[in-house]
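Analysis of the macromolecular model
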Amino acid sequence: LAAAAPRLLQGASQRITLDARYYYGEPVRAGVVEWHVYRAAWYPPWYDEEVGDEGEGEGDTESRYHGEEISTKKGSLGPDGKAVLDVPTSLEQMDQTYTVEAQVTDASGRAIGGGTSFLATVGPFIVRVQPDRYFFAPHTSAALRVTTTDYDGNPAPNVAFTADIVL
């Protein structure tokens, strides 16, 4: 399985291409494919550092499963052993990882599976806010460091954003 791109903006569709072949290279003809699409919230790699680790394995449940199953579809492979699935992404309040799993069953009944995933982002950059300390006395100023990067970690300068302070 291959996603057309590693990430896209939410609301767009992602094209997933499956190319089923036997070990000796011939395409799987007359095969049936069953697709499963899952969605789960995505957190930047530094997120766990900021909220604290809840213990080994406890805060990492989404890595053990793919999240909520949002669709299942069945179809047939073409004579070239290929199939295509367009996965629409929904508009959410935070970034989402979409995982697509496919199981191909050939004419003899043998089933083989595979998967791929991609990221659907709210926007083209990440805003990270870090306070200079975590406790402040009432009615005092707080210094915040704001950084904006693209999803590859490259600086994204001069990005306009809005901040809401919740007490």
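Presented here is an overview of the structure given in this document.

1. Looking at the overall build of the protein
Secondary structure summary: the protein contains two helices and ten strands in total. Taken from the N to the C terminus, the helices and strands of the protein come in the order β-β-β-β-α-α-β-β-β-β-β-β. Within the protein, buried positions represent 26% of all 167 residues. Sequence-distant contacts, at least 24 apart, represent 69% of the contacts inside the protein between residues at least 6 apart. Total accessible area on the protein is roughly 11300 Å²; 52% of this is exposed by carbon and sulfur atoms.

2. A short note on the sheet that holds strand β3 (residues 13–19)
Ordered in space as β1-β3-β6, the three strands form an open sheet in which the pairing is antiparallel. With one partner strand each, in any of the chains shown, β1 (2–3) and β6 (82–88) form the two edges of the open sheet. Judged from the two bridges that link them, β1 and β3 form a sheet pairing that is antiparallel. Paired with Ala3 across the strands is Ile16, a residue of β3.

3. Overview of the packing of aromatic side chains
Evaluated as defined, the whole model comprises three aromatic pairs. Between Tyr22 and Tyr24, the aromatic rings sit 5.5 Å apart at their centres with planes inclined by 5 degrees, giving stacked as the arrangement. When the centroid spacing of 5.3 Å and the interplanar angle of 5 degrees are considered together, the rings of Tyr98 and Phe118 count as stacked. Here the residue Tyr98 occupies a position in strand β7 (residues 96–105), and Phe118 occupies one in strand β8 (residues 111–121), the gap between them amounting to 20 residues. Given the relative accessible area of 2%, Phe118 is considered buried.

4. Some words on the nonpolar core
Side chains that are nonpolar tend, in soluble globular proteins, to be buried together. If you look at the biggest cluster of nonpolar residues, it comprises 18 residues, and the most contacted ones within it are Leu18, Val33, Trp35, Leu77, Val87 and Val100. Sorting the residues of this core by element identifies β3, β4 (32–41), β6, β7 and β8 as the ones contributing at least two each. Once you skip the residues sitting within four places of it in the chain, Leu18 turns out to touch Leu1, Val33, Trp35, Leu77, Gly81, Lys82, Ala83, Ala102 and Val104.

5. A look at the environment of His66
Relative to the helices and strands, His66 is located in the loop between α2 (61–64) and β5 (68–76). Relative accessible area serves as the criterion here: at 33%, His66 is assigned to the partly exposed category. As a C-alpha pair, His66 and Arg39 span 27 residues in sequence and 6.7 Å in three-dimensional space. Discounting residues that sit within four places of it in the chain, His66 has contacts with Tyr38, Arg39, Ala40, Thr99 and Glu101. Here the side chain of His66 touches Glu101 through a polar contact of 2.7 Å, side chain to side chain.

Thresholds applied
- Residues numbered from 1 in each chain as written.
- Predicted model: local features only at pLDDT ≥ 70, side-chain atom pairs only at ≥ 80, totals over all residues.
- Heavy atoms only, no water.
- Helix = DSSP H or I, 4+ residues; strand = E, 2+ residues; numbered from the N terminus.
- Buried < 20%, exposed > 50% of the residue type's maximum accessible area, 1.4 Å probe, protein only.
- Contact = heavy atoms within 4.5 Å.
- Areas by Shrake-Rupley, 256 points an atom, 1.4 Å probe, with all protein chains shown as cover.
- Pairing = 2+ DSSP bridges.
- Phe/Tyr/Trp six-rings, centres within 6.5 Å; stacked < 30°, edge-to-face > 60°.
- Core = buried A, V, L, I, M, F, W, Y, C linked by side-chain atoms within 4.5 Å.
- Polar contact = N/O pair within 3.5 Å; in protein donor to acceptor, adjacent residues only side chain to side chain.

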